[in-house]
Amino acid sequence: MNTPKALKYAKTDEWIKVEGDQAVIGITDYAQDQLSDVVFIEFMIEEGDQVSKGDPLATLESVKAASDVNFPASGTVTAIHEDLVDEPEVINSDPYEAGWMIKITLEDPSELEDLMDSESYEAYNAEREG
Amino acid sequence: MMFTPHTPQEIEEMLKVIGVDKIEDLFENVPEKHRFPELDLPEPLTEMEAADELDYISSGNASTDEFISFLGAGAYNHYIPAAVDMLLRRGEFYTAYTPYQPEVSQGTLQAIFEFQTLMTELTGMDVSNASHYDGATAAAEAANLAYHFFRGKRKNILVSRAVHPQYRETIRTYMQGLENVVVLGDEDQADMSTGLQQLTGKIDNNTALVVVQYPDFFGRVIDYTNLIKIAHTQGALVCMIFNPTALGLIKPPGDYDADIAVGDGQPLGIPLSFGGPYLGIFTCKKKYVRKLAGRLVGETVDEEGQRAYVLTLTAREQHIRREKSTSNICTNQGLMALAATIYLSLLGKDGFQQVANLCYQKAHYAADQLSNIDGFELAFPETPFFHEFVLRTPKPVNEISDHLINHGIFPGYDLSEAYPEMNNHMLIAVTETLSREDIEFFAATLEEVAND
């Protein structure tokens, strides 16, 4: 499973890439693998929305399950990757680059301290796999 | 499959796990005097005696077998070809319920798929689900869909006062658990003829859904083109509640650009039975299919390339999406949907149009006859109607009704209860089952009453 070092990870399997106060959010390779083929994404927010950490960002449907994607940090939504609606399979094929979902301006960068680095996230996954 | 109840040993094991001595202990919270009440039942009967007694009780009912009926108001007495019942009772089909191991029931799934196809052709909509309990709950699910489509950001469900009163109640019941949702639009007791302008005037950018009926509760065929245009300008969705028989004759909801179209399928080969529930039809534009409640059957191919049917898009249903789903409905009215499918297939397009046309012609003949009687007149003489119309009577309807029942006639529906401002108004339905003689007998009997 691919777990890029430059990213931060949430327990609910989102990644966040931070540059200054700008951040990009998506779901991890582990998450897309667990879901299997993603067939549908519905964004739950609009550009300009103020969001809090833990708020639902989108709902994903795969052939196996439906699940929520949540914000790993609070902020203001600056971009939504609407193209995914037409080709949700990109979330499976390229979760960290072409499969990005949302961009936000961070409200409180200190919130990121609660997130995991790639090493802890890998350990967390190994533990879940038991 | 055998139904295997728990053995005494299993019961004992379970009690041990949860730490109680006997089953009675589980009812400790029920006050003792209410726990095992004396039921005061009569002595047991033999099967023969019980059948006799039930026959005797049911002989007290008046039915459309002996009476001629002008009663509609949501459920209609249509002729049902004998083949509908014959096919319905085949063992392979004879379950009222939705398939729970769906893919092993290919025949049932195919029947539902055919039902969905027929419903989309009837309504001109893109998608139909496998059905709901009845028309009223289908209408409530439309409100649910709209609420979830706007993710709770639009709070108003606008409902026309000319929508069936019980449908409006059901919508309110469904909406009461949702935060801040307001069902409004039907509070004004204004003249019904201006109702539409008032309703249209209430549409704004906080409106999630506008609900209208077609033909409306009073049987009137109203052109909703303008209302729908205005609703769409405000970004709101529109649900049309339709009568399926009427769609054999009049422009379907799809041609009006309605977003959702629901109705009760009872007129499609389902006998009258104490007012329902019968069969809820739910159709919508493809755009809303992920928010659609209930089951949905799709056609695909199996491993060997053969045609096969599956439940599709199930991830939107409650058993997978849990509390995030639009609705908690994961079922359908299997047997009734099948009845509608057989009925429509037997009649075919021409036969179905013929039924609609007969209803229309006979209702208009009846309206002419009845409004010619001294003291009686049509309440909405200027508005086109399908097979139901409102007759203004010289006396309160309940004073007239007894007399008609004594003559073997089920009179129309007394509107005064649901519409206090419509005292002395009777809603009259006429279907293809009534002959010219029936209608003339009704008119003659009404004339008698008026002169009493």
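Residues numbered from 1 in each chain as written. Chains lettered and ligands numbered in written order. Predicted model: local features only at pLDDT ≥ 70, side-chain atom pairs only at ≥ 80, totals over all residues. Heavy atoms only, no water.

J.: Help me understand the interface of chain A and chain B, please; the structure alone is not making it clear to me.
T.: With 14 residues of chain A at the interface, the matching set in chain B holds nine residues. Here chain A meets chain B over a buried area of about 990 Å², counting both sides, of which 39% is carbon and sulfur. Of all residues in chain A, A:Glu42, A:Glu61 and A:Ala66 bury the most surface against chain B, accounting for 40% of the area lost on that side. A salt bridge links A:Asp49 to B:Lys153, with the nearest nitrogen and oxygen atoms 3.9 Å apart. One can count five residue pairs in polar contact (both at pLDDT 80 or more) joining chain A with chain B. Elements with a contribution of two residues or more to the side of chain A that touches chain B: strand S4 (38–43), strand S6 (56–62) and strand S7 (66–70) of chain A. Take the side of chain A that touches chain B: its biggest share by element is four residues, from S4(A). (Contact = heavy atoms within 4.5 Å. Buried area = accessible area lost by both parts, 1.4 Å probe. Salt bridge = Lys/Arg side-chain N within 4 Å of Asp/Glu carboxyl O. Polar contact = N/O pair within 3.5 Å; in protein donor to acceptor, adjacent residues only side chain to side chain. Helix = DSSP H or I, 4+ residues; strand = E, 2+ residues; numbered from the N terminus.)

J.: What's the story with the domain arrangement of chain B in this structure? I'm lost.
T.: Interfaces are often sized by the amount of accessible area the parts lose when they come together. Residue and element names in this part refer to chain B. Along its sequence, chain B is organised into domain 1 (68–79 + 349–450) and domain 2 (82–342). Here the C-alpha centroids of domain 1 and domain 2 sit 28 Å apart. Across the contact, 30 residues belong to domain 1 and 28 residues belong to domain 2. Taken together, both faces of the contact between domain 1 and domain 2 bury some 2,200 Å²; the carbon and sulfur share is 67%. The largest contributions to the domain 1 side of the interface with domain 2 come from Phe352, Phe386 and Tyr419, which together make up 27% of the buried area. For the pair domain 1 and domain 2, the number of links is one salt bridge. Of the charged contacts, one joins Arg161 and Glu421 as a salt bridge, the two residues approaching to 2.8 Å between their closest N and O atoms. (Domains from an automatic or database assignment.)

J.: Help me understand the sheet that holds S7(A) in this model?
T.: Hydrogen bonds along the backbone pair up the strands of a sheet, which may run parallel or antiparallel. Residue and element names in this part refer to chain A. The strand order across the open sheet formed by three strands is S4-S6-S7, and the pairing between neighbours is antiparallel. Edge strands, defined here as strands with exactly one partner in the open sheet, are S4 and S7. On average, adjacent strands in this sheet sit at an angle of 25° to one another, irrespective of strand direction. Two elements, S4 and S6, share five bridges in a ladder whose sense is antiparallel. (Pairing = 2+ DSSP bridges. Axes fitted to C-alpha atoms, helices over the stretch in contact; angles between N-to-C directions.)

J.: Just to check I follow, could you spell out empty space enclosed by the protein for this structure?
T.: By rolling a water-sized probe across the atoms, one finds the places where empty space is left. Residues and elements named next belong to chain B. Under the definition given, this model contains five cavities of 30 Å³ or more. Each pocket or cavity is described by its volume, and for the largest cavity that value is around 180 Å³. Every residue lining the largest cavity is counted, 19 residues in all, and those nearest its centre are Gly74, Tyr76, Gln213, Pro215 and Asn243. Counted by class, the lining of the largest cavity contains 10 nonpolar, six polar and three charged residues. Taken together, domain 1 (68–79 + 349–450) and domain 2 (82–342) each give at least three residues to the lining of the largest cavity, which thus spans both. The calculated volume of the second largest cavity comes to roughly 90 Å³. Around the second largest cavity, the lining residues are Phe93, Thr95, Tyr97, Thr108, Ala111, Ile112, Gly334, Leu335, Ala337 and Leu338. At the level of elements, helix H5 (106–123) and helix H11 (334–371) are the ones that each hand at least two residues to the lining of the second largest cavity. Considering every element that reaches the lining of the second largest cavity, the biggest residue donor is H11, with four residues. Among the residues forming the lining of the second largest cavity, the class breakdown is seven nonpolar, three polar and no charged. (1 Å grid on protein atoms, 1.4 Å probe; cavity = no way out; pocket = protein on both sides within 12 Å on 5 of 7 lines; lining within 4 Å. Points joined across faces, edges and corners; volume = space filled by probe spheres on them. Nonpolar A, V, L, I, M, F, W, Y, C, P; charged D, E, K, R; others polar.)

J.: Can you help me understand the layout of surface pockets in this one?
T.: Residue and element names in this part refer to chain B. Its boundaries defined by the atoms lining it, the largest pocket holds a volume of some 1,200 Å³. Lining the largest pocket are 39 residues, and of these Leu272, Ser273, Phe274, Gly275 and Tyr278 sit closest to its centre. Secondary-structure elements contributing two or more residues to the lining of the largest pocket are helix H7 (165–175) and strand S14 (413–414). For the lining of the largest pocket, the element with the highest residue contribution is H7, accounting for five residues. In terms of residue class, the lining of the largest pocket is built from 18 nonpolar, 14 polar and seven charged. Lining the lining of the largest pocket are residues from two domains, each supplying at least three of them: domain 1 (68–79 + 349–450) and domain 2 (82–342).

J.: So what exactly am I meant to see when it comes to the pattern of salt bridges here?
T.: Opposite charge on two side chains makes pairing possible when the charged atoms of those side chains draw close. Counted under the stated rule, the structure contains 19 salt bridges over all chains. In this structure, the salt-bridge partner of B:Arg172 is B:Asp186, at a minimum N-O distance of 2.8 Å. Of the two residues, B:Arg172 sits in helix H7 while B:Asp186 sits in the loop between strand S4 (182–184) and helix H8 (195–201), which places them 14 residues apart along the sequence. For B:Arg172, a relative accessible area of 34% corresponds to the partly exposed category. Looking at B:Asp186, the relative accessible area reads 6%, which means it is buried. Bridged by salt links that share partners, the residues A:Glu46, A:Asp49, B:Arg151 and B:Lys153 form one connected network. (Buried < 20%, exposed > 50% of the residue type's maximum accessible area, 1.4 Å probe, protein only.)

J.: Quick question: what am I supposed to make of the sheet that holds strand S6 (residues 237–242) of chain B here?
T.: Spatially, seven strands are ordered S2-S8-S7-S6-S5-S3-S4 (chain B) in an open sheet, and the strand pairing comes out mixed. The outermost strands of the open sheet, each flanked by one partner alone, are strand S2 (127–128) and S4 of chain B.

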